[in-house]
Amino acid sequence: MNRDINHIDVLDNLVEDTGLRDQICFEEKASLLVEAGISSSKWPAFMEDELTADRELKLECGQNKYYCGKSLKLSKPTPDCRCQTVLQMDLHGGLQFYNGSRLFCLLPQDIFELLKQETTWEDCLRMSALEAFGSAYNVARIFSRCKSPEQICNYWRQEPYPFAALNGVREMFSVPFNDDDDFRNLQPWLKIYSIVDSTPWYDEFGNIIMRVVKMRTPDGGKIHVPVSQWFRSGSGVPMLFCVPSCVSGKLPLFQLPKLKNCAGKTVIVTDSIELAAANAEDDSAIWTTWIGDLQYSNWNVLREAAEVLLLVTNHSGKGLPEAYLEIDRLKRYLKDDIGLENLGALQLAVEYSGEEPYAIQRSFRALPLPEFELMVEKAHEALQPASPFWLDGQASSSQEAAGNKTAELLATKLEPYPYLVRNFVVRDSVTLLHAEKGIGKSMFAYSIAVAVAADKQIDLCPGMWWVTPKKGHKVLYLDFENSKSQIANRLSKICQAYWGKEDDSAKRNLAIRYGSELPAENYAMQEHHATVLRWLEEAEHELSGHIDLIVLDPYSRFVNSRETTKTVADFTALCRKITERGTAILIVHHSNAEGDVRGFREKRDQVCCAVSLLREDGAAARDLDEAPLTVHWESLREPDYSPDQQIRFIDGQWLPAGVDDVTQLREENFKLIVAKYRKIGFTDKDIQTMLAVSNGSFYAKMKE
């Protein structure tokens, strides 16, 4: 394709914080669900006992300075009060509110009468509550049983991800925008961000279903957040939330009306909303983009295009190598998951050092996919940290020595795999365990942790030889998702099933840190590595021994839902620091809609073992004893493997599904495993070590 570079508009190089965007959208999604649930029969249970009695709250600080230091009296509902506000409020002083046109002052004696009046007054009181607390999510976080966006989404049976479609929001409906941009009804907590611009986002009928708003952050960066307009049934006042307008479906791509007629045309896909908007009037191609996670947008509309060109350009604080990795992730998703065959790429470098950014003419070129993939390899090399100057000579000398001793290297004795749990966790290595939400991955991860920490050798699933070759390892489990009360019952059953009688193994060998103890941060970032290493040291002091395994559950909460190429690079560096100290890592993560690991695949590069958990019937974790769970090994770097296995969780223990005689299964699998290991080249002594059997028992089993 021939294009004139002068027809491409470039943009600023302000750093874009997609992690902050995701956090805002997640909290706003929680706010929307709280607003929608006020009139639900589930509301009293959601608020727990908070509405059974009057409560007093003094606002030490608020989004609106007017409320600082004032007290709010939160009153329980009465038969005379039918106002569906977030909080029933009494004030010890006047209350200010804005009804959309002018400012009013409401005195305490007037509130009771207003609570009986029409919904317009109700909306005014709602806005007053929001001015005091910032958002409905902040109210819920303080006064309800749910303390995080994930918990709120789960309570109202919504998928707990910022850009996942809302599935039937009670008493609320989304409506298109008019042509004007009026963002006064955004939740007050967003006032700390200044609005710079907005981009209309259309459905296939040409309606503006949301606006993507560019905001400047206090640190000088930028974010792009979707804003959609909602009405409560019976109310005439619009409510704006920073959530995508996506109900029971997938998000449309930018410029969908044009894309509906893209047959025979060129489509340029960029990862920048600003670039796509700036070039929306380009007559030679249709520019498009997406917002949020790739799997939540509908890409099928691109199938009819003559060619789909993926634009690689440096912008928003990232260089060209980082841009290549971002677009490579897009390319793999479109090619492997969506099945697009009409893909190509464009490269464009932009110079930002002058007063005005400009495109570098000589950098602009079209790339067929093979050439694009070569550039991706170069980008990986460019982002590798440089070796210290003093290592260069040693490296070349080492390489020469290695070349001269090839025969010696090939003759090196094969060592047994240093398993903590056979086929799952290898000492000093990284294991990735992923599954869809509710499958039971945390229960499986806790079972692995309990088995590793046991004071005796354990078979994680009797008959399968998922054994712990050594006993009494020290384990640190970082549970960012579950509270202590949520996990206590099942953890007790797991411990009793694998440890037998009550003993002190948990105190001696297993330390658990729950979400309420762990502040929300992106712990993958370099500045937080010391915190994670300190947790390890504290656990070692508590357990009086070296930590052999650390479990991160889930990865998305560990990085605080802020995954970028830099996050993956920093996380890889953190994993290296942990494994170099002799500690294995078990990463628990979510699967995407296609069953692959969510987010950047590059984080799998360091993984020794990758395992996914599947359940065809989609049964939830509470049905673990009813529906079998399939364990699928996606990769195992060592030449050890296992076919898919179906298991059930019964009385705190994993057991083979559909097996009547576990003893017979154990004997059959033993001989198969020994035959495989012997073929690889392991000695019988090595095999005994990996399977945790004595010499006498080994040969006795072989004779059976």
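Located above this text is the structure these notes cover.
Participant: Help me out: how do you make sense of the pairing of strand β25 (residues 609-614) in this one?
Facilitator: Side-chain positions along a regular strand alternate between the two faces of the sheet. Counting buried residues along β25, 5 of its 6 residues qualify, which places the element largely inside the surrounding structure. Pairing analysis gives 5 bridges linking strand β20 (residues 430-435) to β25, with the strands arranged parallel. In the sheet register, Leu 433 faces β25, and the bridge partner there is Val 611.

Participant: I tried to follow the packing of helix α13 (residues 441-453) against helix α14 (residues 484-499) on my own but got confused; where do I start?
Facilitator: The axes of two packed helices give the description: the angle between them and the distance between them. Direction vectors running N to C along α13 and α14 enclose 40°, while the axes themselves pass 10 Å from each other. Classified by the interaxial angle, the pair formed by α13 and α14 is oblique. Relative to α14, the crossing made by α13 is right-handed. Across the interface between the two elements, Met 443, Tyr 446, Ser 447, Val 450 and Ala 453 from α13 touch Ile 487, Arg 490, Leu 491, Ile 494, Cys 495, Tyr 498 and Trp 499 from α14. Looking at the contact of α13 with α14, its residues break down into 10 nonpolar, 1 polar and 1 charged.

Participant: What am I meant to see in the packing of aromatic side chains here?
Facilitator: What characterises a pair of aromatic rings is the spacing of the ring centres plus the angle enclosed by the ring planes. If you walk through the whole model with that rule in mind, you get 26 aromatic pairs. Here Phe 649 and Trp 654 contribute two aromatic rings whose centre-to-centre distance is 4.8 Å and whose plane-to-plane angle is 55°, an arrangement assigned as tilted. Grouping residues by exposure puts Phe 649 and Trp 654 together as buried. A network of ring pairs unites the aromatic residues Phe 424, Phe 444, Trp 466, Trp 633, Phe 649 and Trp 654 as a single cluster. In this structure, Arg 598 is placed above the aromatic ring of Tyr 161, and the distance from its NZ or CZ to the ring centre is 3.8 Å. For Arg 666, the ring lying beneath its charged end belongs to Trp 465, and the centroid distance is 3.7 Å.

The rules we used
Residues numbered from 1 in each chain as written. Predicted model: local features only at pLDDT ≥ 70, side-chain atom pairs only at ≥ 80, totals over all residues. Heavy atoms only, no water. Buried < 20%, exposed > 50% of the residue type's maximum accessible area, 1.4 Å probe, protein only. Helix = DSSP H or I, 4+ residues; strand = E, 2+ residues; numbered from the N terminus. Pairing = 2+ DSSP bridges. Axes fitted to C-alpha atoms, helices over the stretch in contact; angles between N-to-C directions. Parallel < 35°, antiparallel > 145°, perpendicular 65-115°, else oblique. Left-handed = near helix turned anticlockwise from the far one by under 90°. Contact = heavy atoms within 4.5 Å. Nonpolar A, V, L, I, M, F, W, Y, C, P; charged D, E, K, R; others polar. Phe/Tyr/Trp six-rings, centres within 6.5 Å; stacked < 30°, edge-to-face > 60°. Lys NZ or Arg CZ within 6 Å of the ring centre and 35° of its normal.

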